[in-house]
Each structure stands twice: as structure tokens, then as C-alpha cells.
Amino acid sequence: MASSHGSSPVPRPSGGGRDGIYHKDRDPSSPRCRPVRSLPDVCPKEPTGEGRGLCEGPSVVAEHDRWTVYSSKVNLPAALNDPRLAKRESDFFTKTWGLDFAETEVMPSFYLPSITRENFGPYLQETAQRERIHERCKTICPNKDDVDAVSSITTNHDKSRAELDQVPKIFMKPEFALDDPATFNAVLPWSHFNSAGGKSSRDMASSRLLQEKLSHYLDVVEVSIARQISLRSEAFFHAMSSQHELQDRLRETQRAVAVLRGRTAAMDRVMCQGPLSALRTALTRNNCVKLHNKLKLMAAVHQTQPTVQLLLSTSEFVGALELIATTKEVLQQELQGIHSFRHLGSQLCELEKLIDKMMVEDFSMYARSDLNRSLRDEPQVLEKERLESLVFGLLRQRKLDFLDIYSDEMIMAAKCIVTQCVVDNVSQIEEIDTEVVTKLADQMRLMTFPQWFELLKSVFDNFLLFLQRIKATLSVIRNVVLEVLDSNQKNRLLEQQAAAAGSGAPVPAPVPAPGPQLLQGEAELAYLTHEGLFISDALNEAQQQQQQQQQAAAAGGSAQDQSSAGGSRPQPGGGRAEPAGSDSASGTTESSSSREQGFQAAGGATMASGEDMMPSELELGRVANNIQEMLYTASDVSHDRCVKVLMARAKDGSLERLSSAEFVCLSQAVEGFVRDTEELCCRRSVSLRGALQSQANRFVHRFHEERKTKLSLLLDNERWKQAEVPAEFQDLVNSIADGRITLPERKTPGPEERKPSEFLLVDGQKYAVVGTVLLLIRIFLEYCQCVNDIPSITTDMLTRLSDLLKHFNSRSCQLVLGAGALQVVGLKTITTKNLALASRCLQLVVHYIPIIRAHFETKLQPKQYSVLRHFDHITKDYNDHIAEISAKLVAIMDSLFEKVLSKYEVKAPMPSPCFRHVCKQMAKMHEAISELLPEGQTQMLFLRINASLKLHLKRQLARLGVVNDGGPQNGLVVVDVAFYTENVQVLKSLERLDLNMAEIWEQKR
């Protein structure tokens, strides 16, 4: 065993081997194993002067007790050579000492060459022939000792097999155990020893036989075991020697490990314990700081509800909502799972719902107080800051229907404005007893028009002030909405820039703000982290912290810029500047607030949540449009209430009975109010205009009926005599000639009144007129004046004026041409003077029809020009009427000529009585119409009369058989004709009239 124990497994090269083959060194003088080299001293002793060894230091395995070989719980050789395992466990070390204890690949040494199969090529080629011969010899001639050993082993194995077969199989079973009753009875059959007769010699023999049998079995087994041991003795003793050698190696390894552990303990004590203690202390400090911040945060969250109550007492809803939102975010992220705050989240939700209701009620109260206060109070916007806070809070909570509340209050306020105006005006009128007449509409109908008109103007004024106030309030609301929309767009732009920066895309540089701005997340954190209860102080503190951070960052950035610049630029001294250290920049990090460091993430999350709670851009745009629609609604409501006032007055038809001047005043007031509201609200409301148009239609109907009736009465009482023209009518005509189609203002009579004239001068022509026509001119000027004052009734007024002109034409025709004046007025006859005067009056009206048409054309839209055709029809009717009067005058003389000339005889004396009578009637006709009709018309009329005379004279001469033969009868006729011609040409304006009397003679064929 000694030799076996002393054999070394390390192969050594033989000096005499010619083949270069490594052989085992069998020299007993060679050392059994390599000497153990000591590890280098990587951890020298501390220079303290103490004599303690390094192995006395603390162990890296056990913190307190020194580890020894006896501390091992498992025998390593036994564990590694466990025969029960088919193969070594792969997780032997890791399952006991953790996953960090893992086999790692050993890196190849840089000092050893890489050995491959090619290095053994020469050796294998040299020994290949001998190896083949050796293998062939072993097959042909086996070793005698091996043959004998094999044969003896086979014989002994067969013999031991036969002996072991004698042992019962029960002893060979793996589950053999004598504590089992069945096994015990099978091995020791006690039934043979329990006979009733007691112990006998037979029983004794049986027991000795059983004992001998069991002894025999034991001997057989022991012999078999000894034989097996003898067969494996060499391997056993080799294993024993290897075990001893392994124990020697383990002892050496143990000593080396002890030295290594000692040095490691010294390294731990000298180099690790101090830094680890510093790190542990720093970690403890950080944990304490985090705990302190957490406790401060919990204290701030604990003060949330009292702070919210304080904010609500001052109506600071936005601050309360932001505080609640921030607290909820902190509860979900920083303080999640804290038992004492398990009910705070639900309480905050209920408080938020309560704030929603309070904001809605407060906004309703604000709208009511703002709209119902005196309209002349200043300022126009009541408590602007309160309104902005309410609107921002409602937008933040997505209560986008707050405009409906304002709309309802606006409608109620509009009703109250009308009621208050009526009450104020009625209180100043003593004739109206409010106790008897209780309804406002009845009270308005009892007013006179000036009183009611003053009431209407006060209503208009109040509604204009009302709309100005609403517009100012809605402007403030719109500005808040636009600010929120702009903030959302900026936040979206920042998110896009951050996303572009994260993806590596170029980020546009943001425009720097004019000053340090307070971020939304930091402002929200200020509510929670401030120890006091004043929000302004908290915001100031957060802003100061941000300024400090910006200053520190600017200082660090400037230092870094200087260092980079100094490192790249050579100094004048020839050397290079040392780069600036980071101590100055790192020092600023210690000055930042621990509270802000601890809750930076919470603040960012709160800001994100606040953005998520805000309405989207589409919703905000819809709210902005609704605000504009609200202003339109206010204008419509104001107009509707004014329509109520107008309709209450018009219920009994009082507006229809207004004079034209009064209705014009009413129309101007309404148009002015409508125009002012359109400029103020940029909305064209149609309700008040529609009501005015309805009243205007009724007014136009009454206006027209009154003037038509008046014209009918004037015509029925007209005696168709030339009337004097007062100076005011001449002035009226002159103003029309100057282009002023309006009624002139009434002038106070001066000390020297102008005398009326006989004729009306129009564009240099004299018109002999009757009084009715003068009034007709004034009437159609009244129509034109109404059109000027009320443009909306132009078409209706044009139709009515056309009807009036038609009525004058038809009625005058009935009275003059139809001789209706004989029965109506009591004229004895319709004279030629009456006819000429009527014709001249008609001509005057025809003269003014184009002027009226042009005036109405300026008031019409191009698409309405078709109604102007009425004037063309009227002009044609008037010209036809004038032509009929001229024909009537000619017919009068024609009947006279027919009657007189039918009795004409060609005989002396000359001139004949017949022609004398004709000349007398011609002179009367000229005297009647020469002063009424102009010269041209008079000449044309007498030419037609002369033609009638020639026709009748020609017929009479033909009947008498007088021809132009120069005879006595011809001479007599020539004398009469000369007398006639002389008398006619003597008449005024007829001197150069060509009578052409030769046509009376028959032309010879």
C-alpha cells in the first residue's frame, strides 16, 4: 500500500526514451507529488504594528466564526464518488452555494502552445506498424496467465453460483426485513417449536438443524464475499492508496485555502469594510430622506381636505380641483397601498362631485347677479377673476353645458328688463291706475303714442346695454377657452418634439419664454408639498426652487463650456489648460430640494393627468362656436322681447292709426335699434324687422286707403275750375325740380306772405291746374317720403301709388269725359275749358311719373325692377286719356260744323251768317283753351278742327254743286273762306297756321 500510496499520477518524461513516449516514473526516490506553491500576498498586513496573522481576519463565508475543515457538512470525496449515482450531478455546487457558483470556461493560456493531432503524427506513424503486430499476436497467442486466470475465475464463479443457489431467495430480496412478521415467520418457522407437549428432543434437534442451516447460509455468503474481495483486491488497494493520496492533496488544499481566506479577510477588513460602511451609510441616508419625503407627502395629503375646504370658502375652484387631482395621482403612484389612506380616494371623488355641483350653482348665481344688476353699473364684467376661475374649472371638469345655464338666465333677465321698463314708465303716468289695470300689455295700450314711444326707446336702450354686457362677459369666457386651446396645442407640440427627440429626429428649438415660468406639474406639487395653507406662498416657493435649479444648471453649463473651450484652445504660456472638474456642477445637485427630487415623477404624472382631463381641441372649438351662437341668441332674444312690446301695442290696431310722421319715427327707432344690434352682435335678426314689416304693411294699407279716400273726396267735390297755386306748392315743385323728392319742412309764415299765382311753373312751362292735382302732387310726395323713411315697404308702396294714380285717372275720366261731375258736383255742363283743364292736369301728372319711377328705382333691388312696369302702364293710360280729351274737343267742334254747314247756302250777303257763326265759335274755343294749353297743343288742336271744317264744307259744296270754276258761286265761297281764314289767323298763336283751304274743292280728274 505504501508503494501504491507513494506512486505519483503525474507523468514525467523519461530521459532514455528514444521514441519520445511518456512513461510513468518508477524511481522510488522521486517525490510523491508536486510541492504546493504558496499564493502571492495580494493583501499585505496593515501597517499597525500588530502581530496577528492574516488568517485571524473575518471569513468571507461566515461573518462571525472562523471556518475550519470540521465546519464542512459533507465529505467531498464521498460526495463526488457516490456509487449510487449513475453520473455526477451537474448542479452539485449551484444547488448548495447559489447560482453565482457556476462552472466557467477556463481561458487558454497564452504561454502554452496549442496542441493538435498533427503534433502526434510522427509518433503515430512510427508506432502504427508495431501496434498492428502486437494486436495480431494478442489475438493468435493469448497470455497463459490470462488464460489460467480466466479459467480459474470462470470455475470459481460457477462454484460460487452453485453455492449461492442453495441460499433461499428470500434472503436476496431487496425488501428483506425481519421486523416484518411474514418474513420473520418464513425465516424462523416457530410453529415447529410450539407443540402442546412442551419441549422434546425432536424440537431440540430441529432448532439445532435450523441454526446449522442458517450458519451454513452465512458461511456461503461470507465465502462468496471473500472470493469477490480477493478477485477485486488490486482495485480495492489501488482505491485505498488513491484515497490516501487524495487526503494528502486535500490537506494541502485546505492549508492553501486557509491562507487565501486569511488574506481575503484582511482585504475585507482593510479595503472593503470602510467603503461598504460608507455605501451602507449613504444608502441608509437616502432611505431616510425618501422616508422623510414620504412622510412629508403623507402629511401634505393629510392636509388635502382642510385645504380644499379653505379654497372652496374663497371660491377658488380651480385650485381645489388641481389639488384633488394631484392628490389622487400621488395616492395612486406614491402612496399606493397605505392603509390609513384607503378611503381617501373615494372621499376625494365625492368631494370632486360636490365641487362640480358647487361650480354649476355658483356659475348660475353669477350669471343671475350679473344679468339682473343695474344696466348702467360699472364695470361691464362683474368679478372678472371669479368668472375666469369658474369657466376654467367647468372646462377642466368637462362641464361644457354651462352656456345653457347662462342662456336660461339671459332669457329671464330679458323678460325682467321689459317688465322693469314698463313699471318705471307707468309709474310716471298718473292717468293709468295700476291697481285697476294689472296686465302690462293693457297698461301699454292705455299710453299715448309719445308715452309708449318713450317706453319703446327706453327698452331699446336697455337692451343695447344688456347686449354690450353679455358681449363683454362672453368675450371673457371666449378668451379663457382660447387660452386653454392654446395651452393644449403647445403641450401637443412639446410632446411631438419629445417624441422626435426620442426617435433621433431633429427637434426645432423652442422659443424661450421672457422669464422663468412655473411648470404645471411643479405648481401642482407645490400644493401638496407646502407645509402651510396659502396657495400663493406654495406657488412662490415652487417658483423659487425652479429658479435655483435654472441658475445651478446655467452655472454648470457655463463651467462645462469653459472647460471644453479651455481644453481645445492652447494657452499663451505654451501649455494646455486643465479641464475643469465636475465638482462645481455636482455641488448644485445637493442644493436642490429633496421634496422636489422625491416627487418629480409624481408631478409629471399629475401634469399629464391634468392635460387628459381637459377637453379636446374639437370640444373646445365647439364651445367657442357656441359662445358666438350665444351672442346671436342674445340678439334674437332681445328682438323677440321688443316684438312682444310692439305686438302688445298693436293688438288693438293703434299702430295702424298712427300718422305717417309717427310711424316714420317708429320705423326709424326700430331700424336704428336693429342696426346697432347688428353692429354689436354681427347678427341680422329678422323677428323685429318682420314685426315692423307686418305693421308697415298694415300702415301702408291704412295710409293708402286714407289718401285714396281723400283723393276720391277731392275729386267728387272738384268743380274743374282753374285754381290758384299757393307759394308753398310752387316751392314744392321747385324742390322736386332740384332733385329733392321729399316733403319740405313747414315754414313759419313770414311778415310778408307771398301771393298765389295763376299757373304752376314746372321746368319753364305753365300748368293751369285744379286744386285736386296740387294735393295729388303732395300725396305722391308723401308716398316717396315714406319710402325714404321705410325702405322695406318700397314695393308695397309702389303698388299702392300705382293704384292711386290709376284711381285718379279713372275717376277724373268718369267725372269729366263721362260727365259724372254733372250729378256729383252739380255742374250744368262740361265745357271745353273743363276738358282742357283736365287734360293739362293729366299732362302734369304724366310729367312727374318718370321722376317718381326714378326715385322708386333707387330704393329697389335689381331683382325687383319688374314692378316698375306699372308706371309704363299708367303713363300709357294717362296719354290715352289726354288723347281722348283732345278728340272730345275736336268732336265738339265737329258736331257744330256738321250742324251749321249743313244749312250753308251760297248766296249774298257775304260773308254768310253760317261762316260768321263758325268764326264766332272758333273764337270762343280759342278763348277757352288758349290760356290753358300751350301753343303747340293749341295749334295742333286747331289744325284738327280746321280739317274737320274742311271736310264738312267740302261735303256741303259737293252737295250744292259748287265747283272751283271761277263762277259767281265760286266767288261767294271764296269770300266766305277768306273771311274764315282771316278770323282764324287773327287768333293768338295761330297767325302762321297753314289752313290749306284749297282742299275744299273737288280735284278734276
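Residues numbered from 1 in each chain as written. Predicted model: local features only at pLDDT ≥ 70, side-chain atom pairs only at ≥ 80, totals over all residues. Heavy atoms only, no water.

A short note on the overall build of the protein chain
Here's step 1: Broken down by element type, the protein chain carries 32 helices and two strands.
Here's step 2: Across the 1005 residues in the protein chain, those meeting the buried criterion constitute 34%.
Here's step 3: Taking the intrachain contacts of the protein chain between residues at least 6 apart in sequence as the baseline, contacts between residues at least 24 apart amount to 77%.
Here's step 4: When the accessible surface of the protein chain is totalled, it reaches about 61,100 Å², and 55% of it is carbon and sulfur. (Helix = DSSP H or I, 4+ residues; strand = E, 2+ residues; numbered from the N terminus. Buried < 20%, exposed > 50% of the residue type's maximum accessible area, 1.4 Å probe, protein only. Contact = heavy atoms within 4.5 Å. Areas by Shrake-Rupley, 256 points an atom, 1.4 Å probe, with all protein chains shown as cover.)

Here we look at the side chain of His926
Here's step 1: Mapped onto the elements, His926 comes out in helix α30 (residues 913–929).
Here's step 2: For His926, a relative accessible area of 6% gives the class buried.
Here's step 3: Here His926 is in contact with Thr938, Phe942, Leu987, Lys988, Ser989 and Leu990, once residues within four sequence places are set aside.

Examining the side chain of Ser407
Here's step 1: Summarising the element assignment, Ser407 is placed in helix α13 (residues 402–427).
Here's step 2: Judged by relative accessible area, which is 13%, Ser407 ranks as buried.
Here's step 3: Not counting chain neighbours up to four residues away, the residues in contact with Ser407 comprise Met630 and Thr633.

Points about helix α7 (residues 201–231)
Residues spaced three or four apart along an α-helix point in a common direction, a consequence of the helix completing one turn every 3.6 residues.
Here's step 1: Over its 31 residues, α7 runs 45 Å from end to end, which matches the ideal 45 Å to within 8%, given 1.5 Å per residue.
Here's step 2: Among all positions of α7, only Asp203, Leu210, Tyr217, Val220, Ser224 and Arg227 are buried. (Expected span 1.5 Å × (residues − 1).)

Observations concerning the state of the cysteines
Here's step 1: Under the defined criterion, the tally for this structure stands at zero disulfides.
Here's step 2: There is no disulfide at Cys786, and the cysteine sulfur nearest it, in Cys784, is 9.4 Å away.
Here's step 3: On the basis of relative accessible area, Cys786 is assigned to the buried category, the value being 2%. (Disulfide = S-S within 2.5 Å.)

Some details on the nonpolar core
Here's step 1: With 196 residues, the main nonpolar core has Ile355, Trp452, Phe466, Leu666, Phe856 and Tyr980 as its most contacted residues.
Here's step 2: Considering each element in turn, this core owes the most residues, 20 residues, to helix α15 (residues 449–503). (Core = buried A, V, L, I, M, F, W, Y, C linked by side-chain atoms within 4.5 Å.)

Here we look at the pattern of salt bridges
Here's step 1: Taken as a whole and assessed by the stated rule, the structure comprises 22 salt bridges.
Here's step 2: A salt bridge links Arg684 to Glu678; the nearest nitrogen and oxygen atoms lie 3.5 Å apart.
Here's step 3: Of the residues examined, Arg684 reaches a relative accessible area of 56% and is grouped as exposed.
Here's step 4: Lys876 is paired through a salt bridge with Asp880; the nearest N and O atoms lie 3.2 Å apart. Of this pair, Lys876 and Asp880 are both found in helix α29 (residues 869–901), four residues apart, which corresponds to roughly one turn of the helix.
Here's step 5: The class for Asp880 is partly exposed, based on a relative accessible area of 34%. (Salt bridge = Lys/Arg side-chain N within 4 Å of Asp/Glu carboxyl O.)

Here we look at helix α10 (residues 317–333)
Here's step 1: Compared with the 24 Å implied by 1.5 Å per residue over 17 residues, the 24 Å span of α10 between its first and last C-alpha is a close match.
Here's step 2: Counting buried positions over the 17 residues of α10 gives 14, a clear majority of the element.

Observations regarding unusual backbone geometry
Here's step 1: A cis geometry characterises the amide bond from Ala908 onward to Pro909, with omega recorded as 0°.
Here's step 2: Tracing the backbone through its elements, the reader meets Pro909 in the loop between α29 and α30.
Here's step 3: The linkage connecting Met910 with the following residue, Pro911, adopts the cis geometry, with an omega of -10°.
Here's step 4: In this fold, Pro911 is placed in the loop between α29 and α30.
Here's step 5: Backbone geometry places Asp763, a non-glycine residue, at a positive phi of 55°.
Here's step 6: The exposure class of Asp763 is exposed, given its relative accessible area of 58%.

Topic: empty space enclosed by the protein
Here's step 1: Enumeration according to the criterion identifies two cavities of 30 Å³ or more in this entry.
Here's step 2: Lining the second largest cavity, in full, are Lys954, Leu957, Ala958, Val962, Val963, Ile1000, Trp1001 and Glu1002.
Here's step 3: Split into classes, the residues belonging to the lining of the second largest cavity amount to six nonpolar, no polar and two charged. (1 Å grid on protein atoms, 1.4 Å probe; cavity = no way out; pocket = protein on both sides within 12 Å on 5 of 7 lines; lining within 4 Å. Points joined across faces, edges and corners; volume = space filled by probe spheres on them. Nonpolar A, V, L, I, M, F, W, Y, C, P; charged D, E, K, R; others polar.)

Section: the packing of helix α23 (residues 687–716) against helix α25 (residues 771–789)
Here's step 1: It is the contact of α23 with α25, at a shortest axis distance of 10 Å, that shows an interaxial angle of 175°. Regarding the angle of α23 to α25, the classification is roughly antiparallel. Across the interface between the two elements, Phe699, Phe703, His704, Arg707, Leu711, Leu714 and Leu715 from α23 touch Thr772, Leu775, Leu776, Ile779, Glu782, Tyr783 and Cys786 from α25.
Here's step 2: Tallied by class, residues from the contact of α23 with α25 come to ten nonpolar, two polar and two charged. (Axes fitted to C-alpha atoms, helices over the stretch in contact; angles between N-to-C directions. Parallel < 35°, antiparallel > 145°, perpendicular 65-115°, else oblique.)

A few points about the packing of aromatic side chains
Here's step 1: On inspection of all chains with the given rule, the structure shows 17 aromatic pairs.
Here's step 2: Summarising the aromatic geometry, the rings of Phe363 and Tyr406 are spaced 6.4 Å apart at their centres and angled 45° between planes, so their arrangement reads as tilted. Taken as a pair, Phe363 in helix α11 (residues 344–372) and Tyr406 in helix α13 lie far apart in primary sequence, 43 residues in all.
Here's step 3: In this structure Phe363 comes out as buried when scored by relative accessible area, which is 1%.
Here's step 4: Consider the rings of Phe460 and Phe673, whose centres lie 4.4 Å apart with planes at 10°: the pair is stacked. With a gap of 213 residues between them, Phe460 in helix α15 and Phe673 in helix α22 (residues 660–681) connect regions that are remote in the sequence. This pair shows no difference in class: Phe460 is buried, exactly as Phe673 is.
Here's step 5: By the ring-pair criterion, three or more aromatic residues cluster together here, those being Phe663, Phe699, Phe703 and Tyr783. (Phe/Tyr/Trp six-rings, centres within 6.5 Å; stacked < 30°, edge-to-face > 60°.)

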